[in-house]
Amino acid sequence: MTATAQGSTSGASAPPRARKVVLAYSGGVDTSVCIPYLIREWGVEEVITFAADLGQGDELEPIRLKALTAGASQSIVADLIEPFITEFAFPAIRANALYEGRYPLSTALARPLIARRLVELAREVGADAVAHGCTGKGNDQVRFDVAIGALAPELTVLAPAREWGMSREQTIAYGERCGIAAPVSKQSPYSIDLNLLGRSIEAGALEDPNVEPPEEVYAMTTALEATPQQAQTIEIAFEQGNPVAIDGERLDPVSLIRRANALAGSHGFGRLDMIENRVVGIKSREIYETPGLLLLIRAHQELESLTLAADVQRYKRQIEASWADLVYQGLWFGPLKQALDGFLDRTQATVNGSVRIKLHKGNATVVGRSSSSDSLYVSDMATYGSDDRFDHRAAEGFIYVWGLPTRLWSARHR
Ligand code: ARG
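Definitions and limits used
Each chain has its residues counted from 1, running along the sequence as written. In keeping with the model being predicted, local features are shown solely for residues with a pLDDT of at least 70 and side-chain atom pairs are shown and tallied solely at 80 or more, while totals for entire chains, interfaces and linings include all residues. Excluded from the side-chain calculations are hydrogens and water; all other atoms, namely the structure's heavy atoms, are used. A run of H or I in DSSP becomes a helix once it reaches four residues, and a run of E becomes a strand once it reaches two; helices and strands are each numbered from the N terminus. Given a helix with a known number of residues, its expected span is that number minus one, times 1.5 Å. Remark: exposure states derive from per-residue accessible area (1.4 Å probe, protein chains only) relative to the maximum for the residue type, with buried under 20%, exposed over 50%, and partly exposed in between. This arc is taken over the directions from the axis of the helix to the C-beta atoms. A contact between two residues is defined here by any heavy atoms of the two lying within 4.5 Å. The convention used is that axes are lines fitted to C-alpha atoms, helices contributing only their stretch in contact, and that angles between N-to-C directions extend from 0 to 180 degrees. Note on angle classes: values under 35 degrees are labelled roughly parallel, values over 145 roughly antiparallel, values of 65 to 115 roughly perpendicular, and the remainder oblique. Should the near helix be turned anticlockwise from the far one by less than a right angle, the crossing is left-handed, and should it be turned clockwise, the crossing is right-handed. Basically, the charged four are Asp, Glu, Lys and Arg, the nonpolar ten are Ala, Val, Leu, Ile, Met, Phe, Trp, Tyr, Cys and Pro, and anything else, Gly included, counts as polar. His is not counted, nor are the chain ends, whereas Lys and Arg count as positive and Asp and Glu as negative. The working definition used for a salt bridge is a side-chain nitrogen of Lys or Arg within 4 Å of a carboxyl oxygen of Asp or Glu. Here a polar contact means two N or O atoms within 3.5 Å. Within protein one must be a hydrogen donor candidate and the other an acceptor candidate, and residues neighboring in sequence count only if both atoms are side-chain atoms. Put simply, a residue is near a molecule or strand once any heavy atom of it comes within 4 Å of that molecule or strand. Surface accessibility follows the Shrake-Rupley procedure with a 1.4 Å probe radius. Residue values consider only the protein chains on display as shielding. Two cysteine sulfurs form what is called a disulfide whenever their separation falls within 2.5 Å. In this description, strands pair whenever DSSP reports at least two bridges between them. Working definition: a ring pair exists when centres of Phe, Tyr or Trp rings (six-membered ring for Trp) sit within 6.5 Å. Plane angles under 30 degrees give stacked, over 60 give edge-to-face, the rest tilted.

(A) Structural view of helix H12 (residues 335-347). Between the first and last C-alpha of H12 there are 19 Å, a value that for 13 residues agrees with the 18 Å anticipated at 1.5 Å per step. Looking only at H12, the buried set comprises Lys337, Leu340, Asp341, Leu344 and Thr347. On an axial view of H12, the arc spanned by its buried residues comes to 120°, and they lie on one face. Turned more than 90 degrees away from the buried face of H12 sit Pro335, Gln338 and Arg346, all of them exposed. Residues of H12 that are buried make contact with helix H11 (310-328).

(B) Spotlight on the packing of helix H4 (residues 81-94) against helix H9 (residues 253-266). Packing of H4 against H9 brings their axes to within 9 Å, and their N-to-C directions diverge by 65°. Classed by the angle they form, the pair H4 and H9 counts as roughly perpendicular. Handedness of the crossing formed by H4 with H9: left-handed. Counting all contacts with H4, which are made through Ile81, Glu82, Ile85, Thr86, Phe90 and Ile93, the residues of H9 involved are Pro253, Val254, Ile257 and Arg258. A per-class count over the contact of H4 with H9 returns seven nonpolar, one polar and two charged.

(C) Representation of the side chain of Glu276 within the structure. Here Glu276 is to be found in strand S11 (residues 271-277). Buried within the structure, Glu276 lacks any salt-bridge partner; Arg278 is the closest side chain of opposite charge, at an N-O distance of 5.4 Å. Within the structure, Glu276 has its side chain in polar contact with the side chain of Tyr328 (distance 2.5 Å).

(D) Here's a closer look at the site of the ligand. Around the ligand there are 13 residues in total, and Tyr103, Asn139, Ser191, Ser200 and Glu202 lie nearest to it. Between the ligand and Asn139 there is a distance of 2.7 Å, counted from an oxygen atom to a side-chain nitrogen or oxygen. Contact between the ligand and Glu286: a nitrogen atom at 3.1 Å from a side-chain N or O atom of the residue. Computed on the free molecule, the ligand has an accessible area of 350 Å², of which 89% lies beneath the protein chains in the complex. Those elements that provide at least two residues to the shell around the ligand are strand S6 (191-195), strand S7 (198-202) and strand S12 (283-289). Here the shell around the ligand is composed, by residue class, of four nonpolar, four polar and five charged.

(E) Looking closely at the state of the cysteines. Counted under the stated rule, the structure contains zero disulfides. You can see Cys134 has no disulfide; the closest cysteine sulfur is in Cys34, sitting 9.1 Å from it. Residue Cys134 is classed as buried on the basis of its relative accessible area of 14%. In this model Cys178 remains outside any disulfide bridge; the closest cysteine sulfur is found in Cys34, 12 Å from its own.

(F) How the structure looks around unusual backbone geometry. Although it is not a glycine, Gln240 sits at a positive phi angle of roughly 50°. Look at Lys361: it is not a glycine, yet its phi comes out positive at around 50°. Within the secondary structure, Lys361 is located in the loop between strand S13 (353-360) and strand S14 (363-370). Take Lys361: its relative accessible area is 24%, and that puts it in the partly exposed class.

(G) Molecular detail of the pairing of S12. Of all seven residues that make up S12, six are buried, and the element is covered over most of its length. Two strands pair when backbone bridges link them, and S7 and S12 are joined in this way by three bridges, in the antiparallel orientation. Looking at the pairing, Arg199 lines up with Glu289 of S12. Both S11 and S12 contribute to a ladder of seven bridges, which runs antiparallel. Note on S12: the bridge partner recorded for Asn277 is Lys283.

(H) Structural detail: the packing of helix H2 (residues 29-40) against helix H8 (residues 168-177). As a packed pair, H2 and H8 sit with axes 9 Å apart at the nearest point and diverge in direction by 60°. Comparing their axes, H8 and H2 come out oblique. As for the relative orientation of H2 and H8, their crossing is left-handed in sense. Contact with H2, carried on its side by Val29, Asp30, Val33, Pro36, Tyr37 and Arg40, involves Arg168, Thr171, Ile172, Tyr174, Gly175 and Arg177 of H8 and no other residues of that element.

(I) Structural detail: the packing of aromatic side chains. For the structure shown, the criterion picks out 10 aromatic pairs. Ring centres 5.7 Å apart and planes at 50° place the aromatic pair Tyr37 and Tyr174 in the tilted group. Taken together, the residues span a long stretch of sequence, with Tyr37 in helix H2 and Tyr174 in helix H8 at a distance of 137 residues. For Tyr37, a relative accessible area of 2% gives the class buried. Arranged with centres 5.8 Å apart and planes meeting at 70°, the rings of Trp323 and Trp332 form a pair that is edge-to-face. Classification of Trp323 as buried rests on a relative accessible area of 0%. Owing to a relative accessible area of 11%, Trp332 belongs among the buried residues under this scheme.

Now the structure itself:
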């Protein structure tokens with residue numbers, strides 16, 4: 001790998017890996033260096049870059065131009081925010097999807113969408129391969145490769161950063177020799193992935209799982225010391241499991257997520273610090289902030305507790321955990337994920353109503369829930385008052401039958 005790391009100027013000895021490549025592009029060092037690397041080392045004739053706008057708030061025009069400077073023949077930017085929310089985030093809310101019970105999959109959900117658009121573009125421009133800048137130890141390479149393989153088996157997937165064996169310093173040096181400016185500002189020690197659903201922060205001091213994350217890693221959530229003293233109670237309305245309004249104001253899906261982020265974030269709700277089990281078998285320390293998504297999942301869970309039958313609600317928990325695993329593990333386009341979607345969709349018809357949540361000092365506490373059309377909470381069954389219609393005497397026969405196996409077993413083995 002030393003010749004490579006020092007930047008040989010041609011891959012003349014090996015046959016070209018592909019002719020025309022569409023590269024998933026973020027504007028960062030790795031994906032930028034992928035452009036000259038694919039051309040010089042792997043003999044690719046033409047690299048077309050694709051950057052997705054997922055609401056990360058980056059300026060996309062400089063990113064588009066940077067790809068051209070680095071040698072791309074064409075630099076494409078596409079706004080995918082709307083499908084990201086409606087086709088990926090909302091199903092995750094309906095599924096109450098939390099990987100390992102905690103991580104709401106803010107990064108993982110974006111990957112199948114990027115892969116889908118990458119494949120469409122490759123077909124539109126007649127490319128014979130697609131490429132990404134993922135390394136060999138993350139989850140994202142798994143998600144991209146599996147998705148692309150499912151959607152377009154005819155396309156080769158190239159992952160230069162998985163093979164080039166360069167350290168970060170060597171990568172930057174390689175880029176500079178190819179006219180890619182080193183990162184100007186003082187380089188952040190963190191590896192950050194972000195989109196409208198949240199941020200993932202890794203590396204630097206965070207690699208010691210016993211070190212408290214410095215406040216500077218957060219951008220979407222306010223430090224508890226600086227959140228309002230006054231609690232704020234908000235109301236979130238759902239239709240068929242989808243959030244549709246906040247505080248009585250109907251919002252389109254993208255605006256609704258933005259509003260939820262702002263509300264939860266301003267009260268310091270939505271931070272996670274966890275040790276996560278990656279697909280490739282290693283544990284990693286992950287910091288997330290996903291204020292809106294966690295708030296909406298909490299509210300959605302609560303509305304389900306009011307509107308789903310007990311057995312469906314309980315069974316759904318197992319399906320939710322499996323669904324979250326599949327999305328995390330890159331199996332979005334797999335047959336089990338599709339089959340579970342069928343179950344989940346079927347459960348959501350009655351998830352209509354509102355949940356009130358009090359936001360205060362990092363907490364989101366449910367304080368009320370209602371559903372005029374689908375509540376299964378029946379007052380004259382639940383009440384301890386005089387209008388109680390529950391037949392208390394019927395309980396005796398029920399308990400006789402219910403306890404029978406236990407009594408028989410005990411009589412024999414006592
Ligand atoms: N561990 C998370 C996931 O697999 C996030 C990884 C995002 N990448 C990053 N450079 N922070 O979904």
